[in-house]
Amino acid sequence: MATMAPDPSPFLIFLLLLYPAGAAMSPTSSPPSAPTPKPPAHSSPISSSTLDPKQLRALQSLNIPTSKDPCSPPPHSSTPPTTSCDSSSPFRHLLSLTLSNCSEDVALSLTALKSLSTLTSLNLINCPVTPIRFPSELTSNLHTFSCINSLKKLTGVWLSRLQNVTELTVSRVSITASGPTIILGGMKFLHSVTLSQANLSGNLPKHWHPNLTFVDLSANHLKGKIPISLTRLENLIHLNLSSNSLNETIPTTIGDLSSLKNLSLASNSLSGPIPESLAALPGLTHLDLSFNQLNGTIPNFIRDMKKLKHLNLASNSFHGVLPFNATFIKGLEVFKVGENSNLCYNHTVLGSKVKLGIAACDKHGLPLSPPPAKDSSADDSSDGSDDDDDDYGNVEEKKHHNGPNKVVLGVAIGLSSIVFLIVFLVLLSKCCK
């Protein structure tokens, strides 16, 4: 009897159930496509970067270390971003670049800088590389340029080419120039300028751009007088001309700087009085006129400057009575008036124990002479009579000085008694033998 073949229907039904839904078996159906292969792990960073490949290669040619994608800094990074980019596509372009603590391998090249001409902000911090002339495309696009302890040598002509900058900062870099005018003269859009510790000589510019809000030309070798044109900058908030060789008087029109909050003219050779027009600057918070040759009396209006927090008038030639009370002085964070030999304070207003670096006034408003040095051979009992105006707040020191003398005296008496007792016992033992 012939063997019956198994029924294939259950097997076919099982295959149909395994086949994906909607993929009917037909002669025209094509086989599923092969999966797309993954890129190799060692693929070039340019292929995964959103930055323009030319600009990425320019950064690499300058030996500037960059992340895999300079336009996308690592998330949760504690260091501030060194680059920023626009949002163009398919490739983005650099808008700002900060180079800090550069290695000796970093070197500027004209080709690379041409590729980076989209930059509007360039900051160099501790990068003592050799400067080269920037391509015109880059200089015209730059709005912010900072150079702090960077670039080995700079000239005024080199900086003057940055004519479209709104913020210029050069600090701790020697600049070869006849003065700041050659640098700033053509910068028509400047809002903020810092040229400090730059070895600049010459005079201050006679013409200033009216949009300036921040001027710092400190720690140079600038000489001559402060031009009246500088006091016409109605938008100026910060003015620092300290540590130069400026002379003559402070302009009487200094009060025209109606927006001024910070003024430092310290460490110059300025003379004359403090201008009364400063009373027109109620928003002033920082005033430093120390280490000059200013004279006259300290004006009363200063105590009416309610926002003032930093006041330094030390090392001048002011005279008369200090016009401040304790409430005004305690409201200041910094207050210095020392080294004004003809200036004194009213001890009935401030007390006789304050330490301001100046003497108290006598009844005629003149500085009291310092107390004479005490004779070291004088009897201790002479210390018992203390005059309130005698020692300018050193009463506690005198108490501390008197205390140890009494202790020493008590110890000496005790030791003498012990020695006397020992001698007495020795003599007594000899007599009894």
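Rules used in this analysis
- Residues numbered from 1 in each chain as written.
- Predicted model: local features only at pLDDT ≥ 70, side-chain atom pairs only at ≥ 80, totals over all residues.
- Heavy atoms only, no water.
- Pairing = 2+ DSSP bridges.
- Helix = DSSP H or I, 4+ residues; strand = E, 2+ residues; numbered from the N terminus.
- Phe/Tyr/Trp six-rings, centres within 6.5 Å; stacked < 30°, edge-to-face > 60°.
- Buried < 20%, exposed > 50% of the residue type's maximum accessible area, 1.4 Å probe, protein only.
- 1 Å grid on protein atoms, 1.4 Å probe; cavity = no way out; pocket = protein on both sides within 12 Å on 5 of 7 lines; lining within 4 Å.
- Points joined across faces, edges and corners; volume = space filled by probe spheres on them.
- Nonpolar A, V, L, I, M, F, W, Y, C, P; charged D, E, K, R; others polar.
- Polar contact = N/O pair within 3.5 Å; in protein donor to acceptor, adjacent residues only side chain to side chain.
- Core = buried A, V, L, I, M, F, W, Y, C linked by side-chain atoms within 4.5 Å.
- Contact = heavy atoms within 4.5 Å.
- Disulfide = S-S within 2.5 Å.

It is not clear to me how the sheet that holds strand β22 (residues 359–360) should be interpreted in this structure. Could you clarify?
Two modes of strand pairing occur in sheets, parallel and antiparallel, and in both the strands are linked by backbone hydrogen bonds. Read from one edge to the other, the open sheet built from five strands follows the order β15-β17-β19-β21-β22, with strand pairing classed as parallel. Every other strand in the sheet has two partners, leaving β15 (271–272) and β22 as the edge strands with one partner each. Bridge count for β15 against strand β17 (residues 293–296) is two bridges, and the pairing is parallel. Among the inter-strand pairings, glycine 272 is bridged to a residue of β17, identified as leucine 294.

Please clarify how the packing of aromatic side chains should be interpreted in this entry.
Taken as a whole and judged by the stated rule, the model has five aromatic pairs. Centre to centre, the rings of phenylalanine 145 and tryptophan 158 are 5.8 Å apart; their planes meet at 55 degrees, and the pair counts as tilted. Here phenylalanine 145 is found in strand β4 (residues 144–148), whereas its partner tryptophan 158 is found in helix α5 (residues 156–160), with 13 residues between them in sequence. Summarising the burial analysis for this pair, phenylalanine 145 and tryptophan 158 share the class buried. Measuring from centroid to centroid gives 4.6 Å for phenylalanine 324 and phenylalanine 328, while their planes differ by 35 degrees, and the two rings are tilted. Exposure remark for phenylalanine 324: the relative accessible area of 3% places this residue in the buried category. Its relative accessible area of 12% is what places phenylalanine 328 among the buried residues.

Even after reading the chapter, I still don't get empty space enclosed by the protein, so can you show me in this structure?
Once rolled over the atoms, a probe with the size of a water molecule shows which space is left empty. With the rule as written, the count across this model stands at two cavities of 30 Å³ or more. Taken as a whole, the largest cavity holds about 60 Å³ of empty space. The wall of the largest cavity is formed by Leu62, Leu97, Leu99, Leu108, Leu113, Leu116, Leu119, Leu122, Leu124 and Phe134. Within the residue set of the lining of the largest cavity, elements represented by two or more residues are β2 (94–100) and β3 (121–125). Here the lining of the largest cavity is composed, by residue class, of 10 nonpolar, no polar and no charged. Here the residues of the lining of the second largest cavity are counted per class, giving three nonpolar, one polar and two charged.

What is the right way to look at the pairing of strand β8 (residues 192–196) in this model?
Among the five residues that make up β8, five are buried, leaving the element largely enclosed by the rest of the structure. A two-sided burial pattern is seen for β8, the buried positions comprising Ser192, Thr194 and Ser196 on one face and Val193 and Leu195 on the other. With five bridges connecting them, strand β6 (residues 167–171) and β8 associate as parallel partners. Pairing of valine 170 across the sheet is with leucine 195, part of β8. Relative to strand β10 (residues 214–216), β8 is paired through three bridges, and the arrangement is parallel. The partner of valine 193 across the bridge, within β10, is valine 215.

Any chance you could explain helix α2 (residues 53–61) here in plain terms?
In an α-helix, one full turn covers 3.6 residues, which means residues spaced three or four apart are oriented alike. For α2, the complete set of buried residues consists of Pro53, Gln55, Leu56, Ala58 and Leu59. For α2, the side-chain oxygen to backbone nitrogen distance between the N-cap and lysine 54 is 2.9 Å, and the N-cap itself is aspartate 52. Asparagine 63 occupies a position one or two residues after α2 and carries a positive phi of about 60 degrees.

When you look at the nonpolar core in this model, what are you seeing that I'm missing?
Generally speaking, nonpolar side chains in soluble globular proteins are found buried as a group. Judged by nonpolar contacts, the single largest core of 93 residues is most densely connected at Phe134, Phe145, Leu168, Leu195, Leu311 and Leu322. Once you skip the residues sitting within four places of it in the chain, phenylalanine 134 turns out to touch Leu108, Leu113, Leu122, Thr139, Leu142, Phe145, Trp158 and Leu162.

Can you help me understand the pairing of strand β21 (residues 342–345) in this one?
When a strand is regular, its side chains alternate between the sheet's two faces. Where strand β19 (residues 317–321) meets β21, three bridges bridge the pair, whose relative direction is parallel. Bridged to histidine 319 within β21 is asparagine 342. Of the pairings in the sheet, the one linking β21 to β22 comprises two bridges and is parallel in character. Of the residues in β22, the one forming a bridge with tyrosine 345 is alanine 360.

Help me understand the side chain of asparagine 312, please; the structure alone is not making it clear to me.
Within the element layout of this structure, asparagine 312 appears in strand β18 (residues 310–312). Looking at asparagine 312, its side chain comes within polar contact range of the main-chain nitrogen of alanine 314, at 3.1 Å. In this view, asparagine 312 contacts Leu287, Asp288, Leu289, Ser290 and Lys336; residues no more than four positions away in its chain are not counted.

For this particular structure, what's the right way to read unusual backbone geometry?
Note on backbone geometry: most residues besides glycine have negative phi, and most peptide bonds are trans. Here arginine 172, not a glycine, exhibits a phi torsion of approximately 60 degrees, which is positive. Structurally, arginine 172 is set in the loop between β6 and β7 (175–176). The backbone phi angle of serine 243 is positive, close to 55 degrees, even though this residue is not glycine. Relative accessible area serves as the criterion here: at 34%, serine 243 is assigned to the partly exposed category.

Looking at this model, I keep getting lost on the sheet that holds strand β9 (residues 201–203). Mind explaining?
Within the open sheet, the three strands sit side by side as β9-β11-β13. Their pairing is parallel. Two strands in the sheet have a free side with no partner beyond their single neighbour: β9 and β13 (245–246).

Is there a simple way to explain the state of the cysteines in this structure?
Structurally, a disulfide amounts to a covalent bond that connects the sulfur atoms of two cysteines. Summed over all chains, the structure comprises three disulfides. Note on cysteine connectivity: cysteine 102 is disulfide-linked to cysteine 127, with sulfurs 1.8 Å apart. Given an S-S torsion of about 70 degrees, the disulfide between cysteine 102 and cysteine 127 has right-handed geometry. On the criterion of sequence distance, the pair formed by cysteine 102 in the loop between β2 and α3 (110–115) and cysteine 127 in the loop between β3 and α4 (136–141) is long-range, its members being 25 residues apart. One exposure class covers both cysteine 102 and cysteine 127, and it is buried. Bridging cysteine 344 to cysteine 361, the disulfide has an S-S length of 2.0 Å. Taking the sign of the S-S torsion, about 100 degrees here, the bridge from cysteine 344 to cysteine 361 comes out right-handed.

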